[in-house]
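Reading the structure
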Amino acid sequence: MVDPGDDSGTYLNLVVGGQYTFDNKVNIIGEYIYNGEGYDACDWRNYIDFVKYAHVNREKGFVSGLMLSYLGQANSITTFGQMRRNYLFARINKPDIGGKVDGSLVFVANLDDRSCLLSPSLVYRLNDRVALTASAQFFIGNKDIEYGMIPWQNAVSAGISVLF
């Protein structure tokens, strides 16, 4: 969304934050993010109303192909963590827990609608070249707000990294 006082069509985007590493290697990061391209409250309500309209009418069988294309259009502009204007980001990381494990916790909050993402992760180093990873994502919020719109709400993933 264009800043109403700006005739150039440019957007104001701003990140203010900091990070600190303690003597025990715990690292914390905190940032406030302002996304001038994000939806304000009125734009967001219009977006949600559009999605609901298309969804309800598609389920009723009303011009379902058209309604499906509307939902596709809505989905194509969905970029979670960038849809609104005001966000808070925080991360805490503790490397070398017991010499082999790194743990971190990421928190992203949409300050406009109070939805959020909470993502813990662990990395277990088997040796210098192989590591096992596990992480989870918890999306918190009701269905009309950014992180609450995510249909699966919670996800867990695991992996292995091998360096050659």
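Please refer to the structure higher up on the page.
Presented here is an overview of the structure given in this document. Sequence order as written defines the numbering, with residues in each chain counted from 1. With pLDDT at 70 or above as the cut-off, local features in this predicted model cover only qualifying residues; side-chain atom pairs require 80 or more to be listed or tallied, and sums for whole chains, interfaces and linings still use all residues. As a convention, hydrogens and water are excluded, and side-chain values are obtained from all of the structure's heavy atoms.

**Some remarks on the overall build of the protein**
- To qualify as a helix, a DSSP run of H or I must reach at least 4 residues; to qualify as a strand, a run of E must reach at least 2; elements of each kind are numbered from the N terminus. Within the protein one finds 2 helices and 7 strands.
- Secondary structure of the protein in N-to-C order comes out as β-β-α-α-β-β-β-β-β.
- Considering the protein as a whole, with its 164 residues, one finds that 27% of them fall into the buried category.
- Whether two residues are in contact is decided by their heavy atoms: any pair within 4.5 Å suffices. In the protein, once contacts between residues fewer than 6 apart in sequence are set aside, the share between residues at least 24 apart is 45%. The cut-offs for exposure are 20% and 50% of the maximum accessible area for each residue type, with area from a 1.4 Å probe on protein chains only; residues under the lower value are buried, those over the upper are exposed, and the others partly exposed.

**Thoughts on the nonpolar core**
- Joining through side-chain atoms within 4.5 Å is the link that ties buried Ala, Val, Leu, Ile, Met, Phe, Trp, Tyr and Cys residues into a set, and such a set is a nonpolar core. Counting 12 residues, the largest nonpolar core consists of Tyr39, Trp44, Tyr47, Ile48, Met83, Tyr87, Val108, Leu117, Phe139, Tyr147, Met149 and Ile150.
- Looking at this core element by element, the count peaks at 3 residues for helix α1 (residues 41–59).

**Some points on the sheet that holds strand β1 (residues 13–21)**
- With antiparallel pairing, 7 strands are arranged side by side in an open sheet as β1-β2-β3-β4-β5-β6-β7. The open sheet has two free edges, formed respectively by β1 and β7 (154–162), since each of these has just one partner strand. Here the average twist between neighbouring strands, direction ignored, is 10°.
- By the bridge criterion, 8 bridges tie strand β5 (residues 115–125) to strand β6 (residues 130–140) in an arrangement that is antiparallel. Bridging across to β6, Cys116 finds its partner in Ile140. Strand pairing requires that DSSP identify at least two bridges connecting the strands. To define axes, lines are fitted to C-alpha atoms, for helices over the stretch in contact only, and angles between the resulting N-to-C directions are given on a 0 to 180 degree scale.

**Quick word on the pattern of salt bridges**
- Put simply, a salt bridge is a Lys or Arg side-chain nitrogen that is within 4 Å of an Asp or Glu carboxyl oxygen. Applying the stated rule across the entire model yields 5 salt bridges.
- Among the salt bridges present, the one from Asp49 reaches Arg45, with a minimum N-O distance of 3.3 Å. Of the two residues, Asp49 and Arg45 are both situated in helix α1; the distance of 4 residues between them amounts to about one turn of the helix.
- A cluster of three or more residues bridged by salt bridges with shared partners is formed by Lys25, Asp96, Asp102 and Arg125.

**What to know about the pairing of β6**
- Linking β5 back to β6 in an antiparallel pair, the connection comprises 4 residues.
- Of the pairings in the sheet, the one linking β6 to β7 comprises 9 bridges and is antiparallel in character. The residue of β7 that forms the bridge with Val130 is Val162.

**A closer look at a nonpolar patch on the surface**
- The grouping of Tyr124, Leu126, Leu132, Ile160, Val162 and Phe164 at the surface amounts to a nonpolar patch, some 650 Å² of accessible area in total.
- On the secondary structure map, Ile160 appears in strand β7. Nonpolar side chains (Val, Leu, Ile, Met, Phe, Trp, Tyr) are joined into patches within 5 Å and like charges within 9 Å, using only residues with over 30% relative accessible area and no salt bridge. Each accessible area value is a Shrake-Rupley result obtained with a 1.4 Å probe; residue values ignore everything except the protein chains displayed when judging cover.

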